[in-house]
Amino acid sequence: MKLCSFLDPSGEHRVGVVTAAGVVDVTTQVPAGGPGGPMRRLLAAGTDLTTLRTDGPVVEGARQLPPVPDPSKIVAAPVNYRDHQTEMSQDSHIAALGVFLKAPSSLIADAEQVVLPYHDRRFDQEGELAVVIGRRARHVRTQDAADYVAGYTCLLDMTMRGGEDRSVRKSFDTFTPTGPHLVTPEEVGPLDDLELHTWVGGKLRQRADIRDLIWAVPDLIGYVSSVMELLPGDIIATGTPAGVGAVHDGDDITVEITRVGRLSVTVTGKGATACPTRGKNSGPRPPAELTPAFERGRR
Ligand code: MN
């Protein structure tokens, strides 16, 4: 089952199921009340998503939103693939760093535009698998973690390089494209054979096997839920593999994950100003531009 969030022509926030014929509005099957938009309320209700009725008319004239447009939080893994740890010359990975938060207001949908805020700083793409939480989760054991997953989606963790705090460098408005859909676990199947690809300007930059995550999805849910309560609709970005590189005005970025989908955005530098903070020459060292590990023959 693939679900999506959208605005109908009157501007109302709705939730739909993606069928072969198109998107079918299922918002009337979402219980009223509770915090958040219809996707969060649908997940919070504990409805078996595979039982949603999809015999209604196909939606016309909808504007796509991120699958969960209003999560209570976006939690992200900083260094969770060994090849990315190597390319960033980082001594530590997630087991030493823990996780960080991205502002939910940074979310945009498939086919929208990433806006680079400064003309004098480097910005990189990070293609990632994202997990959407389906149930309130606190101190979850890794062996139970699958019970807390509503589904998966593609995510771009857009990043300003430098020494500012990660929560700043990765929380600019438009810096978290997600989508296009929330794909339920039974449709995604085993994560071990998923591949991730990221292209910028049609050129392949990242290729990874999801099984190479240092902390796998159950480890992440176990750890994050030991720090903070996870709520239905919360998003965990699982980390990016090697192949990050600078993006510029006019670029297009696509991330594709097996059975999860394909997310594409464009990049604009229009309106960029000088950066007011001074972290440009400090912080984790990014790789030389456009030299992904697999192109150097390491894969
Ligand atoms: Mn990242």
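Residues numbered from 1 in each chain as written. Predicted model: local features only at pLDDT ≥ 70, side-chain atom pairs only at ≥ 80, totals over all residues. Heavy atoms only, no water.

Some remarks on the coordination of the manganese ion
And step 1. Donor atoms from the polypeptide that coordinate the manganese ion comprise E126 (OE), E128 (OE) and D157 (OD), at 2.0 to 2.1 Å from the metal.
And step 2. The sequence motif formed by the donor residues of the manganese ion is E-x1-E-x28-D. Of this pair, E126 sits in the loop between β9 (123-124) and β10 (127-133) while D157 sits in the loop between β11 (149-156) and β12 (159-160), and the two are 31 residues apart along the sequence.
And step 3. Overall, E126 belongs to the buried group, its relative accessible area being 2%. (Donors = N, O, S within 2.8 Å, 3.2 Å for Na, K, Ca; no water. Helix = DSSP H or I, 4+ residues; strand = E, 2+ residues; numbered from the N terminus. Buried < 20%, exposed > 50% of the residue type's maximum accessible area, 1.4 Å probe, protein only.)

Quick look at the layout of surface pockets
And step 1. Of the voids in this model, the largest pocket is the one considered here, and its volume is about 230 Å³.
And step 2. Lining the largest pocket are 16 residues, and of these T47, D48, L49, V149 and A150 sit closest to its centre.
And step 3. Of the residues assigned to the lining of the largest pocket, the class counts are seven nonpolar, five polar and four charged.
And step 4. Approximately 150 Å³ is the volume found for the second largest pocket.
And step 5. Partitioned by chemical class, the residues of the lining of the second largest pocket number six nonpolar, three polar and three charged. (1 Å grid on protein atoms, 1.4 Å probe; cavity = no way out; pocket = protein on both sides within 12 Å on 5 of 7 lines; lining within 4 Å. Points joined across faces, edges and corners; volume = space filled by probe spheres on them. Nonpolar A, V, L, I, M, F, W, Y, C, P; charged D, E, K, R; others polar.)

Quick look at the sheet that holds strand β18 (residues 261-268)
And step 1. Strand order in the open sheet made by the five strands is β8-β18-β17-β14-β15, with mixed pairing throughout. Two strands bound the open sheet, and with one partner strand each, they are β8 (113-115) and β15 (203-209). Along the sheet, successive strands turn relative to each other by an average axial angle of 20°, direction set aside.
And step 2. Of the strand pairs in this sheet, strand β14 (residues 195-200) and strand β17 (residues 252-257) are connected by five bridges, and their pairing is antiparallel. From the neighbouring strand, L196 faces β17, where its bridge partner is I257. (Pairing = 2+ DSSP bridges. Axes fitted to C-alpha atoms, helices over the stretch in contact; angles between N-to-C directions.)

Thoughts on the packing of aromatic side chains
And step 1. Per the counting criterion, the structure on display carries five aromatic pairs.
And step 2. Here the aromatic rings of F123 and F175 are separated by 5.8 Å at their centres, their planes lie at 85°, and the arrangement is edge-to-face. Within this pair, whereas F123 is found in strand β9, its partner F175 is found in the loop between α4 (166-169) and β13 (176-183), the two being separated by 52 residues in sequence. Summarising the burial analysis for this pair, F123 and F175 share the class buried.
And step 3. One aromatic cluster is present, formed by Y118, F123, F172 and F175 through successive ring pairs.
And step 4. Seen from the ring of Y148, R135 lies directly overhead, with NZ or CZ sitting 4.4 Å from the centre.
And step 5. In this arrangement the basic side chain of R262 is found over the ring face of W199, its NZ or CZ atom lying 5.3 Å from the centre. (Phe/Tyr/Trp six-rings, centres within 6.5 Å; stacked < 30°, edge-to-face > 60°. Lys NZ or Arg CZ within 6 Å of the ring centre and 35° of its normal.)

Quick word on the pairing of β17
Residues in a regular strand project their side chains so that they alternate between the two faces of the sheet.
And step 1. Two elements, β17 and β18, share six bridges in a ladder whose sense is antiparallel. Looking across to β18, one finds that V255 is bridged to L263.
And step 2. As consecutive antiparallel partners, β17 and β18 are separated by three residues, and within that stretch R259 has a phi angle of approximately 65°, a positive value.

Topic: the domain arrangement of the chain
Many analyses report the size of an interface as the accessible area lost when the parts associate.
And step 1. Split into domains, the chain comes out as domain 1 (2-65) and domain 2 (74-296).
And step 2. With centres defined by C-alpha atoms, the gap from domain 1 to domain 2 works out at 25 Å.
And step 3. Opposite the 13 residues of domain 1 that make contact, domain 2 presents 16 residues.
And step 4. By the criterion of area lost to domain 2, the three top residues of domain 1 are K2, L43 and Q64, representing 49% of everything that side buries.
And step 5. Counting across the interface, domain 1 meets domain 2 through two salt bridges.
And step 6. Between K2 and E187 there is a salt bridge, with its nearest N and O atoms 2.9 Å apart.
And step 7. Listing elements by their share of the side of domain 1 that touches domain 2, those giving two or more residues are β1 (2-7), α1 (38-44) and β4 (63-65).
And step 8. Here the residues of the side of domain 1 that touches domain 2 are counted per class, giving eight nonpolar, two polar and three charged. (Domains from an automatic or database assignment. Contact = heavy atoms within 4.5 Å. Buried area = accessible area lost by both parts, 1.4 Å probe. Salt bridge = Lys/Arg side-chain N within 4 Å of Asp/Glu carboxyl O.)

Focus on empty space enclosed by the protein
And step 1. In the structure shown here, the tally under the stated rule is one cavity of 30 Å³ or more.
And step 2. Approximately 100 Å³ is the volume attributed to the largest cavity.
And step 3. Lining the largest cavity are 15 residues, and of these P78, E126, R161, R166 and K170 lie nearest its centre.

Overview of the pattern of salt bridges
And step 1. Scanning the entire structure with this criterion turns up 19 salt bridges.
And step 2. For the salt bridge of R14 with E12, the shortest nitrogen-to-oxygen distance reads 3.1 Å.
And step 3. On the accessibility criterion, E12 (41% relative accessible area) is partly exposed.
And step 4. When the shortest N-O distance is used, the salt bridge between E126 and R161 registers 2.9 Å. On the criterion of sequence distance, the pair formed by E126 in the loop between β9 and β10 and R161 in the loop between β12 and α4 is long-range, its members being 35 residues apart.
And step 5. Overlapping salt bridges bring together K102, R122, D124, E126, D157, R161 and K170 as one network.

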